[in-house]
Amino acid sequence: MAYKLANLLKARFPLIYITTFEEDRVTKYIKSIASDEKQIKFPREVFTWTQTSGIYNQNTGKGVNDTTCPEKALEFIRKYEKDSVFILYDFHVNFGVKNRTPDFGVIRKIRDIIPDLKLGVVRKTIFFVSPELIIPESLQKEITIFDFPLPTLEEIKDKLDSMIAQNQAVEANLNDEEKDKICKAALGLTLQEAESAFALAMVNDGKININDLPIIMEEKIQVIKKTGILEFIKSEYSIKDIGGLDNLKNWLLKRNNSWSERAKRYCIPAPKGVLVTGVPGCGKSLTAKAMSTIWQLPLLKLDFGKVFSGLVGSSEENMRRALATAEAVAPSILWIDEIEKGLSGLGSNGDSGVSSRIFGQFLTWMQEKESPVFVIATANNISTLPPELLRKGRFDEIFFVDLPTMSERKEIFKLHLEKRLKDKEIASEIIGIKNICTELAKMTEGFIGSEIEQVVVSALCDAFFENRPLKFEDLAKNIAATVPLSATQREQILALRAWANVRAVSATKDSSRQEYKKEIDTENVSSSRGGRTLDF
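First, a word on what this report is: a plain description of the structure on this page.

About the criteria used
- Residues numbered from 1 in each chain as written.
- Predicted model: local features only at pLDDT ≥ 70, side-chain atom pairs only at ≥ 80, totals over all residues.
- Heavy atoms only, no water.
- Core = buried A, V, L, I, M, F, W, Y, C linked by side-chain atoms within 4.5 Å.
- Buried < 20%, exposed > 50% of the residue type's maximum accessible area, 1.4 Å probe, protein only.
- Helix = DSSP H or I, 4+ residues; strand = E, 2+ residues; numbered from the N terminus.
- Contact = heavy atoms within 4.5 Å.
- Pairing = 2+ DSSP bridges.
- Phe/Tyr/Trp six-rings, centres within 6.5 Å; stacked < 30°, edge-to-face > 60°.
- Lys NZ or Arg CZ within 6 Å of the ring centre and 35° of its normal.

1. Describing the nonpolar core
- Counting 39 residues, the largest nonpolar core has Leu275, Leu302, Leu334, Ile339, Phe362 and Leu389 as the members making the most contacts within it.
- Within the residue set of this core, elements represented by two or more residues are β12 (299-302), α13 (304-307), α14 (314-328), β13 (332-336), α16 (354-368), β14 (373-379), β15 (397-401) and α24 (490-503).
- The biggest single contributor to this core is α16, with seven residues.
- Discounting residues that sit within four places of it in the chain, Leu275 has contacts with Ile339, Ala377, Thr378, Ala379, Ile382, Leu385, Leu390, Phe395, Glu397, Ile398 and Phe399.
- Within the second largest apolar cluster, 29 residues are counted, among which are Met291, Ile294, Trp295 and Phe399.

Okay, structure coming up:
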């Protein structure tokens, strides 16, 4: 990174834009390069500017009078006769933000001095440092965007060490491995955010140790919430809460910790993601939530509806910021629920191509991302998804979730009954019935997981209303009163099965699928359990 910025200075790039909140850190970084004769050959003075204080010489510690006005600051830059760099903070407000009109006089002034920055005898470069990326169209060809990364692991360790050294009263009970875990948990935070998290951990009980990991994670959650686009999902589900779907569960379990140091010894790349499609209500979203617990990673939900904004260019910036946040808190899981609805505007001209640009941005990120961000996308109607999203390389695998088999329905009934029948008195007339889950599974051929759950809930409501224990008859009555989705959406399910038969891997093991004896489509039994028969 230092080499790249030094080359930009040596090549006399006139305008460099850095998007960051870390003003102090970026100032120190630019100063270190600007003063290094080995890197840029001709060292330069460093000036900073803010609208409240004007121009300030970082080398001499002196300010320049009457330079708070942007145009006067630019005039000072034009006339200054020594090799230098000028760091202008929050100058983007002159380029037009939200309802503020761009200051065309300031923009014109910048364009006037660009030839002098490029070709003048004195070497001068202007840095725009701002938390927002706003570039006026008339300066797009002249401004170079420089990506300033978040602090490295070593920088965070140095910050923690300095805080421990400065606070002698704080008891630091951390061995090298624990310190590494604490600092890795802070990756994705700015130095200021990391410092705040460490400080909170210290004042909490007067010491810092491995038990303070949740405090660091809470600071990461704050970063996610501040985006307004991503939602942090706190999941309490585990793999035991998923009935069936053994193929999908085994695939996920085998890839747990694929981003760890131990995995590097096997040369295992971090998994990119999976697309889970299938019949609605069969556990796709539940799987995404359970993954967070299985892998012990933060689960971030991306809502495409929040990405789109009425302001020109804002939607693209929202998507860039959301993806950058997901990378900042990596390793993490990015969940996109019902992705086909978020991409419904593709191919239409009603939004001036915004949907297409957002989609292209997302595809490029999926293909080129290096941070361990695992993408799990769910879809009910996969036929509406563009083919470029489905090709190999975007997702590691596409799984198809069909109607639960006999053994899966039995497992789902067992899960919901055990979850709710914690009171022995309420369960007294059910406990004695042998093979109750088997009998219920036989009665619910074609039922989806959510319908099975609702059968149990409705039966309990009946028992609650009459103030008595739950009976088998309550369950049987509610089963008989339910018209399953497999009947109301028969044609759509058959079409989905036909698509998945040769294009996706079944989320259910082949051995379990053989139990599914009574098919919706009696004319095409052999292919109605769509999906390749791979067992993981």
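2. What about the pairing of β14?
- Burial analysis of β14 places seven of its seven residues in the buried class, which makes it a mostly covered element.
- The alternating pattern of β14 places Val373, Val375, Ala377 and Ala379 on one face and Phe374, Ile376 and Thr378 on the opposite face, and all of these are buried.
- Across five bridges, the pairing between strand β11 (residues 273-278) and β14 is parallel. The residue bridging Thr277 from the neighbouring strand is Ala379, located in β14.
- Relative to β14, β13 runs parallel, the two being bridged by five bridges. Note that in β14 the partner of Leu334 across the bridge is Val375.

3. Thoughts on the packing of aromatic side chains
- In total, this model carries 17 aromatic pairs according to the counting rule given.
- On the numbers, 5.9 Å between centres and 70° between planes, the contact of Phe91 with Phe95 is edge-to-face.
- For the pair Trp251 and Phe399, a centre-to-centre distance of 5.9 Å together with 75° between the ring planes defines the contact as edge-to-face. One end of the pair, Trp251, is in helix α10 (residues 246-254); the other, Phe399, is in strand β15, with 148 residues separating them in the sequence. Accessibility classification places Trp251 together with Phe399 in one group, the buried group.
- Here the aromatic cluster, defined as three or more aromatic residues joined through ring pairs, consists of Tyr17, Trp49, Phe91, Phe95 and Phe128.
- Over the ring of Phe42 we find Arg123, and its NZ or CZ is 3.8 Å from the ring centre.

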